[in-house]
Amino acid sequence: MHAFCDIRGESLDSVIFDLDGTLWNATEGIKDTWNEVLKNYPNIREPITTEELEGCMGLLLDDISRRLFPKESAEMQHKLITECCELENKVLAEKGGILFPKVRETLAELKKKYRLFVVSNCQSGYIEAFYKGNNMAEYFEDFECAGNTGKPKGENNKLVIERNNLKSPVYVGILRVIYSLLLMQIFLLFLLSMDSVM
C-alpha cells in the first residue's frame, strides 16, 4: 500500500472516524430504547420518530434534549436524556447496530497501514457499546467523546491527536447523515486505490 500525503506533503499516519452515519446506523435501536424510557413519562410527548433522531445526529446531548423535550425544564431534560442514554448503551452493547456495507473489511485493510481512532459527540459508554455490540474494538487504538470530556468533537479530535502523538491525521465524518456514507466511501476508495495513485 502506498503512503498518501496531506496538503503539506506529509504522509498520513492515522484516520479519525466519526461514528453515527459514518461507521454504523444505530438509529432504530436508539429510537426503540428512548421510547421505552418515555413509556414511564406518558405526559411528556408522543413517541420519538426515526426522522427526529436523524435530525439530532451529530449534536451534543444538551442540544438533543432541548430539541426533543422543549417544554420541559433543564433539569427534566437532563433526567430524560440521561435515562435514555443509559438504556441505549445497555441495549446496543448487547444487540449492536447496523454497520455500513464493507466497514469491517475496509477497517481491517486500513489498519495495516494507518492508526485508527473514533471521536463522537455522544455520551459516555456509547462508543464502548459500538465496540462490544459489533465486535469492533480490535480496529481502533483510542477514542474520545463529549460525554467523557464535556467538549465538542473538534476539541476531542485535538485531544486524541495530542494523546497519541499523531503527526498527520485525517478526519472522516460529516454532520449530515445523508451524506456521510458517500463521503466515507469516496475517501476509503481513495486510500485503497494503490495502483492508480503514485
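All of the points below concern the structure found in this document. Note that the structure is predicted; figures quoted are calculated from it, not measured. (Residues numbered from 1 in each chain as written. Predicted model: local features only at pLDDT ≥ 70, side-chain atom pairs only at ≥ 80, totals over all residues. Heavy atoms only, no water.)

### Topic: the overall build of the protein
What counts, and what does not: Think of it this way: any DSSP run of H or I at least four residues long counts as a helix, any run of E at least two long counts as a strand, and we number them from the N terminus. For every residue, the accessible area obtained with a 1.4 Å probe (protein chains only) is divided by the maximum for its type, and the residue is called buried under 20%, exposed over 50%, and partly exposed between those limits. By definition, residues are in contact when any of their heavy atoms lie within 4.5 Å. All accessible areas in this document rest on Shrake-Rupley with a 1.4 Å probe, and a residue is counted as covered only by the protein chains that are shown.
The number of helices and strands found in the protein is nine helices and six strands. Counting only residues that meet the buried cut, the protein has 45% of its 198 residues in that class. A separation threshold of at least 6 residues defines the contact pool for the protein, and within that pool the share at least 24 residues apart is 73%. For the protein, the exposed surface amounts to about 10,400 Å²; the carbon and sulfur share of it is 54%.

### Description of the pairing of strand β5 (residues 142-145)
Quick note on the threshold: In this analysis, strands are considered paired if DSSP registers two or more bridges between them. Here the term right-handed applies to a crossover when the path leading from its first strand over the helix to its second strand runs clockwise, the strands being oriented away from the viewer.
Alternating positions in β5 separate into two faces, D142 and E144 on one and F143 and C145 on the other, with burial throughout. Looking at chain direction, strand β4 (residues 115-120) and β5 are connected through four bridges and run parallel. Residue pairing across strands places V118 opposite F143, the latter belonging to β5. Viewed along the sheet, the connection from β4 through helix α6 (residues 126-134) into β5 turns out right-handed.

### Looking at the pairing of β4
Counted residue by residue, β4 has five buried out of six residues, so it is predominantly covered. Relative to β4, strand β1 (residues 14-17) runs parallel, the two being bridged by four bridges. What sits directly across from F17, in β4, is V118.

### Quick word on the pattern of salt bridges
So the rule is basically this: Basic side-chain nitrogens of Lys or Arg form a salt bridge, by our definition, when they fall within 4 Å of a carboxyl oxygen of Asp or Glu.
In this structure the tally under the stated criterion is twelve salt bridges. Taking the shortest distance from any N to any O, the salt bridge between E109 and K112 comes out at 3.1 Å. Of the charged contacts in the structure, one is a salt bridge between D142 and R163, with a shortest N-O distance of 2.8 Å. Highlighted residues: D142 in strand β5 and R163 in helix α8 (residues 153-163), separated in sequence by 21 residues.

### Structural notes on the environment of I127
Assignment of secondary structure puts I127 in helix α6. With 16 residues separating them in the primary sequence, I127 and F143 have C-alpha atoms 7.7 Å apart. When sequence neighbours within four positions are dropped, the list of residues in contact with I127 reads L19, V118, S120, C122, F143, E144 and C145.

### Remarks on the side chain of D18
How we decide: Throughout this description, a polar contact denotes any pair of N or O atoms lying within 3.5 Å of each other; where both atoms belong to protein, one of them has to be capable of donating a hydrogen while the other can accept it, and for residues adjacent in sequence the pair is counted only when both atoms sit in side chains.
Inspection of the secondary structure puts D18 in the loop between β1 and β2 (24-25). What makes D18 buried here is its relative accessible area of 4%. At 2.9 Å, the side chain of D18 and the side chain of K153 are in polar contact.

### Let's talk about α8
The criterion, for reference: Comment: arc refers to directions from the helix axis out to C-beta atoms.
Of the residues making up α8, those classed as buried are K153, N156, N157 and V160. Relative to the axis of α8, the buried residues are bounded by an arc of 110° and lie together on one face. At its buried positions, α8 is contacted by β1, β4, β5, α7 (146-149) and β6 (169-172). Phi turns positive one or two residues past the end of α8, at N165, with a value near 55°.

### Thoughts on the sheet that holds β5
What counts here: For helices, the fitted line uses only the C-alpha atoms of the stretch in contact; every axis is such a line through C-alpha atoms, and the angle between N-to-C directions lies from 0 to 180 degrees.
Here four strands make up an open sheet; going across it, the order is β5-β4-β1-β6 and the pairing parallel. Edge strands, defined here as strands with exactly one partner in the open sheet, are β5 and β6. Pairwise comparison of adjacent strand axes, ignoring direction, gives a mean angle of 20° for this sheet. Its contacts with the sheet put α6 on β4 and β5, and the angle it makes with β5 is roughly 140°.

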